[in-house]
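# Topology and contacts: notes
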Amino acid sequence: MTRESLIQKTLQHLEQLPDQKVKEVSDFAEFLLFKIDNQILTEGIQKMVSESKSFDFLEDDEEIYSEEDLKEKYK
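The structure presented is a predicted model; accordingly, all values stated were derived computationally and were not measured. (Residues numbered from 1 in each chain as written. Predicted model: local features only at pLDDT ≥ 70, side-chain atom pairs only at ≥ 80, totals over all residues. Heavy atoms only, no water.)

Broken down by element type, the protein chain carries 3 helices and 0 strands. When its helices and strands are written in sequence order, the protein chain yields α-α-α. Radius of gyration (C-alpha) of the protein chain: 27 Å, far over the 11 Å computed for a compact globule of 75 residues. On the principal axes, the C-alpha backbone points of the protein chain span a range of 75 × 30 × 20 Å. Expressed as a percentage of the 75 residues in the protein chain, the buried residues total 0%. As presented, the protein chain carries roughly 7,900 Å² of accessible surface, and 57% of it is formed by carbon and sulfur atoms. (Helix = DSSP H or I, 4+ residues; strand = E, 2+ residues; numbered from the N terminus. Rg over C-alpha atoms; globule rule 2.2 N^0.38 Å. Buried < 20%, exposed > 50% of the residue type's maximum accessible area, 1.4 Å probe, protein only. Areas by Shrake-Rupley, 256 points an atom, 1.4 Å probe, with all protein chains shown as cover.)

With numbering aligned to this structure, UniProt lists the feature "domain: DUF2281" (unreviewed entry) at residues 11-38. Between the C-alpha atoms that bound residues 11-38 there is a distance of 26 Å. The span itself is 93% helix and 0% strand. (UniProt positions renumbered as here; feature names shortened; annotations may be inferred.)

Counting across every chain of the model gives 3 salt bridges. The partner of Lys21 in a salt bridge is Glu24, with the nearest N and O atoms 3.5 Å apart. On the criterion of helical spacing, the pair formed by Lys21 and Glu24 is a turn pair, its members being 3 residues apart in helix α2 (residues 19-51). Under the relative-accessibility criterion, Glu24 is labelled partly exposed at 41%. (Salt bridge = Lys/Arg side-chain N within 4 Å of Asp/Glu carboxyl O.)

Turning next to a negative patch on the surface. A contiguous patch of negative charge, built from Asp56, Glu59, Asp60, Asp61, Glu62 and Glu63, is present on the exposed surface. With relative accessibility at 69%, the residue Glu63 sits in the exposed group. (Patch = residues over 30% accessible without salt bridge, like charges linked within 9 Å, V, L, I, M, F, W, Y side chains within 5 Å. Lys, Arg positive; Asp, Glu negative; His and termini not counted. Charge placed at Lys NZ, Arg CZ, Asp CG, Glu CD.)

Here is the structure:
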């Protein structure tokens, strides 16, 4: 089925539902859109952070402490 035919079929079904059920379908559609928006936002943030050079300076730092500097070692 094409997208357009699915939309038309869904609209026909919605016209037959009582008002409360139409509200439930509307709420569910909003929920799905909210999930998609959050996923897109999360993926965008992950991509931005992974490509960021903000913490590259840490790779150039020398090691200040070693294992010998520890007072206690836990296993």
